[in-house]
Amino acid sequence: MDSDAQEEIASEPGRIVTLRPGQEFRFENDFSENGIVTLKLKSGHAEIFGTELASDPTYAFSGRKVAVYTWHGCTLEVRGKPTVDYIAEEAPMQSYLNVHLALEQLRTAAAEKGDAGPKVMIVGPEDVGKTSLCKILLNYAVKQGNKPIFVDIDPNEGSVSLPGTLSATAISRPIDVEEEFSASSATTGTSPLVYYYGYASALEKPKLYHALVERLAGVVNKKLDQVDVRSSGCIINTPRQFVDVDGYETLTHAIDQFGVNAILVLGHERLYSELTKRFPNGSGISIIKLAKSGGVVTRDKTYRKQLQMHKIKEYFYGTLKGELSPYSSLVSFTDVAVRMVGEGTLAPSSALPLGSERLLQETRLVKVEPGDILLHSILAVSNAPLPDTQTNLTPEQESSLVLGTNLAGFVYVSEVEEEKKKMTVLAPNPGRLPRRFLVMASLKWMED
Ligand SMILES: Nc1ncnc2c1ncn2[C@@H]1O[C@H](COP(=O)(O)OP(=O)(O)OP(=O)(O)O)[C@@H](O)[C@H]1O
């Protein structure tokens, strides 16, 4: 623990919370320095979304909604002032464990035959615990020596990256209870494969979404051909729009692309019934209905926005546990090509940025003349290099190259000098920004 606020909390008397087997201690706190809550395991065993707590460290949390579950009983020491905290008698952990055990049998059978392990998709409406269930199943799988791939095709939150992205990450160690899937790879040691979609909803630009899902599934399926990960399979987190009638086509497309063979439906009877009709016994896809945990918290718009801003800050400055010092550099407008993923999320078409053409197709990027419009924007840095001056790409070729190439990361535009045709960007890594395509969407941020 290194901040003053954390030291102050450490000097406060702790509160002892004793849990009996099967109980869950749930708490929430805000993002303020005074809101930090710390936790220490004094005795017994406890886990947070499937990651076991060790007895030595003091874990610190900020702006989180946490469940500490115990299978065999434990004692915790809690410091700080959560906004909400209580002990729950019931949690659906036994049914989640049963799913894990069934998946583990499939993995063992797959390993014996040299086959691919289970490809599991988790579907359900907003705030039903999909991401939390992904964490639990990934952690339990890792604990048994597997290396599952976590695929996140919910662009709303961007769990392992920033919002607007679709990603895949190989998970080989338990997810950090404090940092979760931090977007800052320097602290987690993971380097996810990330594609940029640029919208919060999967249904906003379905054609583009389908194209990116196809691309991501292609890479994940190829990765799952490798012997060391083949039997571990993958766990796929999905957007809430998949439960809408309008979302079925997109859902079915994703199921096909990844070759999903198990779908876990969380807290949604209608979708469960629809899926059992579409994929009856013998279809090769098992549909399993699971109850939502009573602990899952509904996150309002304000909290989600705060979470988004917090994630961006973490990307550049690191977490409570692992701070980063971002690097500023001056970039000439001539060294980058800025493109925009359509006009949808930013503003009505009448307010399109100066210099951008009208969007012709969903999968076509719009050219943006660098200038004040970029100020405070978060820009995705594509791994696609700028073509040399002799190569002339058509707009379609260029869009397909940029959207089909994964991301190197993100930069933040902190200053724009229009007359000098330069801008200052903040990046988590040192060094010059390579000559790359930069993709802009609606993400804006103000350093505080
Ligand atoms: N048992 C629990 N006790 C307390 N908080 C919980 C519990 N399970 C989940 N949460 C919290 O509830 C919130 C919503 O959970 P989660 O992110 O898993 O839902 P989701 O279905 O993935 O949401 P989204 O609609 O964004 O896809 C999160 O902040 C999570 O930490």
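Residues numbered from 1 in each chain as written. Predicted model: local features only at pLDDT ≥ 70, side-chain atom pairs only at ≥ 80, totals over all residues.

- Taking an unreviewed UniProt entry as the reference, the protein is identified by name as Polynucleotide 5'-hydroxyl-kinase GRC3 belonging to Spizellomyces punctatus.
- According to UniProt, the comment filed for the protein under the heading Subcellular location (unreviewed entry) is "Nucleus".
- Among the UniProt annotations of the protein, the heading Subunit (unreviewed entry) holds the following wording: "Component of a pre-mRNA cleavage factor complex. Interacts directly with PCF11." (UniProt positions renumbered as here; feature names shortened; annotations may be inferred.)

### Examining the site of the ligand
Part 1: Looking at the ligand, there are 22 residues lining it, with Ala67, Lys130, Thr131, Ser132 and Gly295 nearest.
Part 2: Breaking the shell around the ligand down by element, the ones donating at least two residues are strand S2 (24–28), strand S7 (65–69) and helix H3 (130–143).
Part 3: Sorting elements by how many residues they give to the shell around the ligand places H3 first, with three residues.
Part 4: The class makeup of the residues in the shell around the ligand is five nonpolar, seven polar and 10 charged.
Part 5: Of the domains in this structure, domain 1 (4–90) and domain 2 (93–290) are the two that each give at least three residues to the shell around the ligand. (Near = placed C-beta within 6 Å. Helix = DSSP H or I, 4+ residues; strand = E, 2+ residues; numbered from the N terminus. Nonpolar A, V, L, I, M, F, W, Y, C, P; charged D, E, K, R; others polar. Domains from an automatic or database assignment.)

### Comments concerning the nonpolar core
Part 1: Formed by 123 residues in total, the largest nonpolar core has its most connected members in Ile122, Ile236, Val265, Leu379 and Val439.
Part 2: The residues touching Leu379, leaving out its near neighbours within four places in the chain, are Phe410, Val411, Val413, Leu438, Val439 and Met440. (Core = buried A, V, L, I, M, F, W, Y, C linked by C-beta atoms within 7 Å. Buried ≥ 20, exposed ≤ 12 C-beta atoms within 10 Å, placed from the backbone. Contact = placed C-beta atoms within 7 Å.)

### Quick look at the pairing of S2
On a regular strand, each side chain points to the face opposite its neighbour's, so the side chains alternate between the two faces of the sheet.
Part 1: With four of its five residues buried, S2 lies for the most part within the structure.
Part 2: Bridging between S2 and S7 involves five bridges; their strand directions are antiparallel. Looking at S7, one finds that Glu24 is bridged to Tyr69.
Part 3: Here S2 pairs with strand S9 (residues 84–88) via five bridges, running antiparallel. Considered in S9, the bridge of Glu28 is made with Val84. (Pairing = 2+ DSSP bridges.)

### Section: the packing of helix H5 (residues 206–223) against helix H7 (residues 248–258)
Part 1: Running from N to C, H5 and H7 cross one another at 20°; their axes reach a closest spacing of 9 Å. The orientation of H5 relative to H7 falls into the category roughly parallel. Of the two elements, H5 crosses H7, and the hand of that crossing is right-handed. From H5, Pro206, Tyr209, His210, Val213, Glu214, Ala217 and Val220 reach across to H7, where they touch Thr250, His253, Ala254, Gln257 and Phe258.
Part 2: Considered class by class, the residues forming the contact of H5 with H7 number seven nonpolar, four polar and one charged. (Axes fitted to C-alpha atoms, helices over the stretch in contact; angles between N-to-C directions. Parallel < 35°, antiparallel > 145°, perpendicular 65-115°, else oblique. Left-handed = near helix turned anticlockwise from the far one by under 90°.)

### What about the UniProt feature "binding site: ATP" (unreviewed entry) in the protein?
Part 1: Mapped onto this numbering, the UniProt entry gives "binding site: ATP" (unreviewed entry) at Glu24, Lys65, Asp127, Val128, Gly129, Lys130, Thr131 and Ser132.
Part 2: Along the chain, Asp127 falls in the loop between strand S10 (119–123) and H3.
Part 3: The class for Asp127 is partly exposed, based on 17 C-beta atoms found within 10 Å.
Part 4: Once residues within four sequence positions are removed from consideration, Asp127 is found in contact with Val296, Val297, Thr298 and Arg299.
Part 5: Looking at where Ser132 falls in the secondary structure, it is placed in helix H3.
Part 6: In contact with Ser132, other than residues within four places in its own chain, are Phe49 and Val296.

### Some words on the environment of Ile285
Part 1: Topologically, Ile285 is positioned in the loop between helix H8 (269–278) and strand S16 (286–290).
Part 2: C-alpha of Ile285 to C-alpha of Val220: the two residues are 65 residues apart in sequence and 19 Å apart in space.
Part 3: Apart from residues lying up to four places away in sequence, Ile285 is in contact with Val260, Asn261, Ile263 and Phe279.

### Looking at the packing of helix H2 (residues 93–113) against H3
Part 1: Their axes nearest at 10 Å, the elements H2 and H3 cross at an angle of 45°. Relative to H3, the element H2 is oriented oblique. As H2 runs across H3, the sense of the crossing is right-handed. On H3, the residues that touch Tyr96, Val99, His100 and Leu103 of H2 are Leu133, Ile136, Leu137 and Tyr140.
Part 2: Of the residues in the contact of H2 with H3, the class split is seven nonpolar, one polar and no charged.

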